[in-house]
Amino acid sequence: MKLKRRGFLGGFNRFRLMLTLGLAVVLPAAALIYLNFSQLRAFERDKVLEAAIHRDFQEMLAITEKKMNLKAYAMTEEARNLFPSPDIEPAEREKKLDAVLAKSPWLDHAFLFAEKGAVVRSQPRLVGDKYILEEQERMVKGYHDWFGKEGKMMVEAMHKKPRPISIYTEQTKRADGKAYMTTAYFVLPQLSSDRVVMGGVCFDPAYLKETLFSGVIQEMVKQKSTDQGGNQIAMMVYPVNMEMWDEVKPLAVSGGWGEGKPEVFRKLDDVFRGLALGIKYQGTSVEALGRTWMHRSFLILGCLSLLIIVGLVLTKHIVSKEMALARLKSDFVSNVSHELRTPLALIRLYAETLELGRITTQEKKQQYYRIIRKESERLTALINNILDFSRIEAGGKEYEFRNTDIAELVRNTLESYRYQIEQQGFAFEESIDSNLPAVPVDREAIARALVNLVNNALKYSSDEKFLGVKLYRDNGVVKLEVADHGIGIARRDQSKIFEKFYRAGDPLVHNTKGSGLGLSLVRHITQAHGGEIAVESTPGRGSKFILSLPLASATQQPAVS
Ligand code: ADP
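Here's what I pulled together on the structure shown here.

Cut-offs and rules
Residues numbered from 1 in each chain as written. Predicted model: local features only at pLDDT ≥ 70, side-chain atom pairs only at ≥ 80, totals over all residues. Heavy atoms only, no water. Near = heavy atom within 4 Å. Polar contact = N/O pair within 3.5 Å; in protein donor to acceptor, adjacent residues only side chain to side chain. Areas by Shrake-Rupley, 256 points an atom, 1.4 Å probe, with all protein chains shown as cover. Helix = DSSP H or I, 4+ residues; strand = E, 2+ residues; numbered from the N terminus. Nonpolar A, V, L, I, M, F, W, Y, C, P; charged D, E, K, R; others polar. Core = buried A, V, L, I, M, F, W, Y, C linked by side-chain atoms within 4.5 Å. Buried < 20%, exposed > 50% of the residue type's maximum accessible area, 1.4 Å probe, protein only. Contact = heavy atoms within 4.5 Å. Phe/Tyr/Trp six-rings, centres within 6.5 Å; stacked < 30°, edge-to-face > 60°. Lys NZ or Arg CZ within 6 Å of the ring centre and 35° of its normal. Pairing = 2+ DSSP bridges. Axes fitted to C-alpha atoms, helices over the stretch in contact; angles between N-to-C directions. Salt bridge = Lys/Arg side-chain N within 4 Å of Asp/Glu carboxyl O. Parallel < 35°, antiparallel > 145°, perpendicular 65-115°, else oblique. Left-handed = near helix turned anticlockwise from the far one by under 90°. Patch = residues over 30% accessible without salt bridge, like charges linked within 9 Å, V, L, I, M, F, W, Y side chains within 5 Å.

For the ligand, the set of nearby residues contains 21 residues, the closest of which are Asn456, Tyr460, Arg503, Ser515 and Leu519. Interatomic distance of 3.0 Å between a side-chain N/O atom of Lys459 and an oxygen atom of the ligand. Alone, the ligand offers 530 Å² of accessible surface; in the complex the protein occludes 98% of this. Within the residue set of the shell around the ligand, elements represented by two or more residues are helix H9 (443-459), helix H12 (518-528) and strand E16 (542-550). Broken down by element, the residue count for the shell around the ligand peaks at three residues, all from H9. Its residues placed into classes, the shell around the ligand shows eleven nonpolar, seven polar and three charged.

This paragraph deals with the nonpolar core. In summary, soluble globular proteins display a tendency toward joint burial of nonpolar side chains. Membership of the largest hydrophobic core comes to 52 residues, with the highest contact counts inside it found for Ile406, Val410, Leu467 and Leu471. Leu471 has contacts with Ile406, Ala407, Val410, Ser431, Ile432, Asp433, Leu436, Val478, Lys479 and Leu480, leaving out every residue within four places of it along the chain. Judged by nonpolar contacts, the second largest core, of 51 residues, contains Val119, Leu188, Leu191 and Phe213.

The next subject is the packing of aromatic side chains. This model, assessed by the stated rule, comprises 19 aromatic pairs. Between Phe37 and Phe298, the aromatic rings sit 5.8 Å apart at their centres with planes inclined by 25°, giving stacked as the arrangement. Linking Phe37 in helix H1 (residues 2-46) with Phe298 in helix H6 (residues 286-356), this pair joins segments that are 261 residues apart in sequence. Phe37 sits in the partly exposed class, given a relative accessible area of 27%. For the pair Phe498 and Phe545, a centre-to-centre distance of 6.2 Å together with 80° between the ring planes defines the contact as edge-to-face. Of this pair, Phe498 sits in the loop between helix H10 (491-494) and helix H11 (507-510) while Phe545 is found in strand E16, placing the two residues 47 residues apart along the sequence. Across the pair, exposure class does not vary: Phe498 and Phe545 are buried alike. Feature note: the residues Phe111, Phe113, Tyr143, Trp146, Phe147, Tyr168 and Tyr185 constitute an aromatic cluster, connected by ring pairs. Directly above the ring of Tyr73 sits Arg163, whose terminal nitrogen or CZ lies 3.9 Å from the centroid. If you follow Lys397 out to its NZ or CZ, it ends over the ring of Tyr399, 5.1 Å from the centre.

Quick look at the sheet that holds strand E3 (residues 165-174) now. Ordered in space as E2-E1-E5-E4-E3, the five strands form an open sheet in which the pairing is antiparallel. For this open sheet the edge positions go to strand E2 (117-122) and E3, each flanked by a neighbour on one side alone. Geometrically, the sheet is characterised by an average inter-axis angle of 20° between neighbouring strands, direction not taken into account. Taken together, the five bridges between strand E4 (residues 177-186) and strand E5 (residues 198-203) define a ladder with antiparallel strand orientation. Residue pairing for E5: Tyr185 is matched across the bridge by Gly200. Across the sheet, helix H2 (residues 48-81) touches strand E1 (107-114), E3, E4 and E5, and the angle it forms with E3 is around 100°. Along the sheet, helix H3 (residues 90-103) makes contact with E1 and E2, crossing E1 at roughly 150°.

What follows is about the pattern of salt bridges. This structure, assessed with the given rule, holds 29 salt bridges. Here Arg80 ties to Glu77 by a salt bridge, and the two come within 2.9 Å at their closest N and O atoms. Taken together, the residues span about one helical turn, with Arg80 and Glu77 both in helix H2 at a distance of three residues. What makes Arg80 buried here is its relative accessible area of 8%. For Glu77, a relative accessible area of 25% corresponds to the partly exposed category. Here Asp98 makes a salt bridge to Arg121, at a shortest N to O gap of 2.8 Å. Here Asp98, found in helix H3, pairs with Arg121, found in strand E2; they are 23 residues apart in sequence, far enough to count as distant. A relative accessible area of 26% means that Arg121 is categorised as partly exposed. Among the ionic contacts, a cluster of salt bridges with common partners joins Asp388, Arg391, Lys397, Glu444 and Arg448.

Next up on the list: the sheet that holds strand E11 (residues 427-432). The sheet built from five strands is open, its strands ordered E11-E13-E14-E16-E15 with mixed pairing. In the strand order of this sheet, the two ends are held by E11 and strand E15 (532-538), each with one partner. Within the sheet, the average angular offset between the axes of one strand and its neighbour, ignoring direction, is 15°. Of the strand pairs in this sheet, strand E14 (residues 477-484) and E16 are connected by eight bridges, and their pairing is antiparallel.

With that out of the way, let us pick up the environment of Gly117. Secondary-structure assignment places Gly117 in strand E2. For Gly117, a relative accessible area of 17% gives the class buried. Gly117 has contacts with Leu112 and Tyr143, leaving out every residue within four places of it along the chain.

Within the element layout of this structure, Ser537 appears in strand E15. Ser537 gets classed as buried once you look at its relative accessible area, which sits at 13%. Engagement of the side chain of Ser537 in a polar contact is seen with the backbone nitrogen of Ile489, the distance being 2.8 Å. Not counting residues up to four positions away in its chain, the partners in contact with Ser537 are Gly488, Ile489, Gln494, Gly542 and Ser543.

Bringing the packing of H2 against H6 into the picture now. Two numbers describe how H2 lies on H6: the axes approach to 9 Å, and their chain directions differ by 140°. Comparing the axis directions of H2 and H6 gives the class oblique. Here the hand of the crossing between H2 and H6 comes out right-handed. Between H2 and H6, the contacting residues are Leu49, Glu50, Ile53, His54 and Phe57 on the first element and Val286, Glu287, Leu289, Gly290 and Trp293 on the second.

Together, Phe15, Leu19, Leu23 and Leu27 give the surface a local cluster of nonpolar side chains, amounting to about 410 Å² of exposed area. Position of Leu19 among the secondary structure elements: in helix H1.

What follows covers the environment of Arg491. For Arg491, the location among the structural elements is in helix H10. A relative accessible area of 69% places Arg491 in the exposed class. Linking Arg491 and Thr538, residues 47 residues apart in sequence, is a C-alpha distance of 7.8 Å.

If you want it as structure tokens, here you go:
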């Protein structure tokens, strides 16, 4: 009944532990791992990282376009402020326009359309160029063709804008092939709005390519790399009206473009309409980056999950160990109570019988006295073990080492047990080397260790009752062997029997009284003497405990574990 209840309680505790571990640790950990994995999967499937990079790229391209536009407007503004009035002498006007061109070498042409006629001036260094001449002629023709009709309307429209400037880009030609020229039209700042007068400048295609576009994209690339570090980007400006990517000839490229198409592009639709901006990573693609990022994330998550699992397994292991110890302790309490009760009951029974005076034969009386003495000795031994154990646990056990004739100590100790041994029907073999040197030991402790070993040999023998005790010198140590032909110890138990409270699971052991303290005391005593305890045993054949003590003194006192 009792056993059943204990079993139930043990089972209940384990159930509670599993429930706590399960609900409080395993479930949340598993949920966390699962959520992370599925989130990463979703990231992978929806290409979240790629989309984020694309958005970032789009934003950069928009900023780049804005910067290019602002630059064009600022330069136009600068030229516009230098423009002459249309009302001065024609020769004077030309001179002033030439001064504008001289001050702004990035302009190819400067022109002034007024009610009375048009002046078109070009950079002196380009005057012989046939393409420049063609452009000049086109402009003069344009003045006659449309300015007369639409000029008034255009000027009015321009005055309504917050900035009275219109800029657009068109394809033209230069000696080295196709080129893109940007022209800015504006009304003059110093004229009243009813005047139909328009000024304009044409940006040199080579300047646009080599200085303006290049400068802005170079600056963006540099800024991005100092902002973020990591992967370097590359940018380019190219004409948009190309059918095939292979035919694209970039107008301006930042360093490190290498090969290939832009990852993200933006068609410019204001000042530089007809051109496009492209961006990509140097030496890698967004897709490849996404892939490596995914791999890395999965790897990190995998490692973390592994760590969590190892942690859980360790926790369970430790908690189970603690629970096993708690169980051993509760077994110990019931074992000890049992062990105390039996001898006490016997002592009481025999003492009462003697007291009643019913026993007449001397022999019988002697037998009863012997039983009373034997049982009280057992009680003393048990209580000594428990006291020693609690001293050791509290760290207060002290040993007194004295040079001792160990052969005499062993012989004396066995002597007081000889009767009991032989009475229980044991064949007792004793082999003690009397020529041993004196060994520094604590007499009482060594005697207790020997008594515990002998007691175990007697307790755990069933059919073949044999007890052998040997004391001899072996390679600088003194060995004390206690052997029996008893039930033996299973291999897996052999390392554990020296732990406190541990008793082998064998039913033969459980039917035998014991506290599980004896061998842990033996080990503590041996180690305090700088010695070692070992066991050799075969289940069903018997056991042999070998206690070795060094001849030189050693006095450290390790705690019982
Ligand atoms: P106790 O004998 O009080 O149970 P011990 O610490 O002396 O405690 O022994 C621990 C366990 O080691 C025993 O319960 C028993 O299973 C095993 N044991 C010890 N000595 C022997 C032996 N001579 N033969 C078989 N088993 C033994």
